[in-house]
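Structure at a glance
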Amino acid sequence: MNKSVMDEQGNNELDTTRSTSDCDGDGVGDTQILTTVAGAREKAIHNKEALELPFQPPEELDFVTMGMFIIDEIHNPPHTPLLSIPGGAGLHALYGARLFSPSPTLSPRVAMLIDLGSDFPSPLLTTLQSLRTSSIFRRTPDRLTTRGWNMYGSAEHRAFKYLTPKKRIEISDFFEDGPGPVGSWVGHKMRTLHLICSPSRAEASVQELRSRLLGPSRLARRVPLVVWEPVPDLCVANHRIGMFSAAAGVDVVSPNEEELDGFFADVEGYQVPPRGTVERRRRTEELARRVLESVGIGIDIEEGEREGAGKGCRGGMVIVRCGARGCCVVWRGDGPPFPASSTFQQAPFPPSHSLSPGEVTTVWLPAYHSPSASTDPSNNTITPTNSTITNSNITDSNVTTVLNSSITNSTIANSNITITDSTIINSTITNSANNTTAVVDPTGAGNTFLGGLCVALARPDAFRLAVEYGLHRMVVAAAYGCVAAGFAVEQVGVPALTVVEEGGERWNGEEVEGRLRAFLERTRSVLRGEGK
């Protein structure tokens, strides 16, 4: 893949073949954002103070990200450019966490820092505030909002550049001695922290975080779990040693398949096997285990740093996101420990799943929108690939999977079809299976995956679901990520949030818990060899 990206990137559904950390978005829905934000630069926001939360800050934050907020332009010829799309790795990750954090009980427990430049669109601010997270909106009237330009081309080419100067988030922004008291209450409340940056910055950020929390002032009784997403441009061989060094100080490392390959590209005789082959799958497992075992991912725990984790505990995890092929999850022992909480009581881990501290486990999970979800290879099925479907009527048919195709002026009804990486124009899909949802745009799905993963690691729900479905807690946590990424790819921009009369939430018209449970059932069948 050719890519030109300067910093803080995202990934496609579990992958980065079309990634944009600087250009990924979420909100209350793509349609709403496109109609309310496009052309809304005229309403500037002026004030140097941060906006006040409409509620009392929570006692704890289950998820915080250091990723940025960016307003994107997306160019994908011959399609019309999309302008003013809210994005950035931080916003996508926030949405991944917010999907599993209904308002008003859990939404305040997720947060990020969003810098409002002088040109920040007021309608977009309203949309973001409506999520009712504890995100900090910091006014910066002396600068323009960070904006990015994205170009997608043939052969998975992706280019990115900043249209305005970026403003990175630093660890100091979350503490009282940072540049202003805007986010000073956040630092000692974090239970998980999402990083997307270079190896050197990841290592420095973790060291600063631990120094602030566990130094002489002792601001906290524990350190948060740290989930690190390496920035794609620096996933190259000459940064491999730096990657190993940074990995030793975090709890979870999550590159995508191509990024992982990039760290080992200089190995003599190494050739990247084709995607989807058994050889590629084995290579991915081999490299993931090498990362896990070379330095021992997982912070060296000292007494008192984490409740429930003994001294020297290194229960780290590597998750390799592989797009439509799912993800490879490798962990040691029982994985990262449950972060201490004053509001959540840790559920006992199923004894049958408790592993010895040094044991390494490897598990593959399918992608939520996996072509295999609806295709039975024993049937005589039709799979249009790289095709154009125009003025067609696909009803009660044996077409089960549509890949990399263009669907125009057509009707699909009463069918069980999985549509992947395809363009849908002026067409209707009705009375079809749930998995007929198209993978419209993979931008930001990798970041969204990790937001979902973080809240799963931070809350006891994953313990309870592990017991209920007979799965390891790390498998359940990865399932949260897969489901979150599934929502992220169903539109350009962000999943649509609606509130029903009973007060419940729907994302893209569906209950998140319902999707999660269906995916866990499917995952259990796959791991038992009963399904795909």
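Residues numbered from 1 in each chain as written. Predicted model: local features only at pLDDT ≥ 70, side-chain atom pairs only at ≥ 80, totals over all residues. Heavy atoms only, no water.

In terms of regular secondary structure, the chain is built from 11 helices and 25 strands. Looking at the chain residue by residue over its 532 residues, the buried ones come to 59%. Of the contacts formed within the chain by residues at least 6 apart in sequence, a portion of 69% connects residues at least 24 apart. (Helix = DSSP H or I, 4+ residues; strand = E, 2+ residues; numbered from the N terminus. Buried < 20%, exposed > 50% of the residue type's maximum accessible area, 1.4 Å probe, protein only. Contact = heavy atoms within 4.5 Å.)

Within the largest apolar cluster, 67 residues are counted, with the highest numbers of intra-cluster contacts made by Phe69, Phe100, Leu128, Met317, Leu365, Leu453 and Leu457. Listed in part, the 47 residues of the second largest apolar core include Met66, Ile136, Leu214 and Val253. (Core = buried A, V, L, I, M, F, W, Y, C linked by side-chain atoms within 4.5 Å.)

It is worth spelling out the packing of helix H9 (residues 461–469) against helix H10 (residues 473–488) at this point. Axis separation between H9 and H10 bottoms out at 8 Å; the angle between their running directions is 115°. By the angle between their axes, H9 is roughly perpendicular relative to H10. Relative to H10, H9 is oriented so that their crossing is right-handed. Residue-level contacts link Asp461, Ala462, Phe463, Leu465 and Ala466 of H9 to Arg473, Val476 and Tyr480 of H10. (Axes fitted to C-alpha atoms, helices over the stretch in contact; angles between N-to-C directions. Parallel < 35°, antiparallel > 145°, perpendicular 65-115°, else oblique. Left-handed = near helix turned anticlockwise from the far one by under 90°.)

The eight strands are arranged E5-E2-E10-E11-E12-E13-E14-E15 in an open sheet whose pairing can be described as mixed. One side of each edge strand has no neighbouring strand; the edge strands of this open sheet are strand E5 (110–111) and strand E15 (360–365). For strand E12 (residues 252–253) and strand E13 (residues 317–321), the ladder comprises two bridges, and the chain directions are parallel. Paired with valine 253 across the strands is valine 318, a residue of E13. (Pairing = 2+ DSSP bridges.)

With that out of the way, let us pick up unusual backbone geometry. At the junction of proline 77 and proline 78, the peptide bond is cis and its omega measures out at 10° in the coordinates. Following the sequence through the fold, proline 78 ends up in the loop between strand E3 (70–75) and strand E4 (82–87). The amide bond that connects serine 103 to the next residue, proline 104, takes the cis arrangement and shows omega of 5°. By the element assignment, proline 104 lies in the loop between helix H2 (89–98) and E5. Phi at serine 84 is positive, roughly 55°, even though this residue is not glycine. Although it is not a glycine, arginine 132 adopts a positive phi angle of roughly 55°. Relative to the helices and strands, arginine 132 is located in the loop between helix H3 (122–129) and strand E7 (136–140).

Once that is clear, we can look at the pairing of E4. Pairing geometry for E3 and E4, over four bridges, is antiparallel. Pairing of aspartate 72 across the sheet is with isoleucine 85, part of E4. Linking E3 back to E4 in an antiparallel pair, the connection comprises six residues.

Applying the stated criterion across every chain yields a total of 26 salt bridges. A salt bridge links arginine 109 to glutamate 60, with the nearest nitrogen and oxygen atoms 2.9 Å apart. Taken as a pair, arginine 109 in the loop between H2 and E5 and glutamate 60 in the loop between helix H1 (30–37) and strand E2 (63–65) lie far apart in primary sequence, 49 residues in all. Looking at glutamate 60, the relative accessible area reads 2%, which means it is buried. Of the charged contacts in the structure, one is a salt bridge between glutamate 490 and arginine 515, with a shortest N-O distance of 2.8 Å. Of the two residues, glutamate 490 is situated in the loop between H10 and strand E24 (497–499) and arginine 515 in helix H11 (residues 512–527); the sequence distance between them amounts to 25 residues. Pair check on accessibility: glutamate 490 and arginine 515 agree, each one buried. Overlapping salt bridges, with partners in common, bring together Glu60, Asp62, Arg109, Arg191 and Arg459 in one network. (Salt bridge = Lys/Arg side-chain N within 4 Å of Asp/Glu carboxyl O.)

Once that is clear, we can look at the packing of aromatic side chains. Taken as a whole and assessed by the stated rule, the structure comprises six aromatic pairs. Just above the ring of tryptophan 149 sits the side chain of lysine 161; from NZ or CZ to the centre is 4.9 Å. Arginine 515 extends its terminal NZ or CZ atom over the ring of phenylalanine 487, reaching a point 3.9 Å from the ring centre. (Phe/Tyr/Trp six-rings, centres within 6.5 Å; stacked < 30°, edge-to-face > 60°. Lys NZ or Arg CZ within 6 Å of the ring centre and 35° of its normal.)

Another aspect to go through is the confidence of the model for the chain. Per-residue pLDDT for the chain averages 77, and the proportion of residues at 70 or more is 67%. Predicted confidence in the chain is weakest over H1, with a mean pLDDT of 30, and strongest over E2, with 98. Overall, residues 301–313 carries pLDDT values under 50, and its contacts beyond four positions in sequence, including any with other chains, amount to 29 contacts. Every residue in residues 373–386 is under pLDDT 50, and counting partners more than four places away or in other chains gives 34 contacts. (pLDDT = per-residue confidence, 0-100.)

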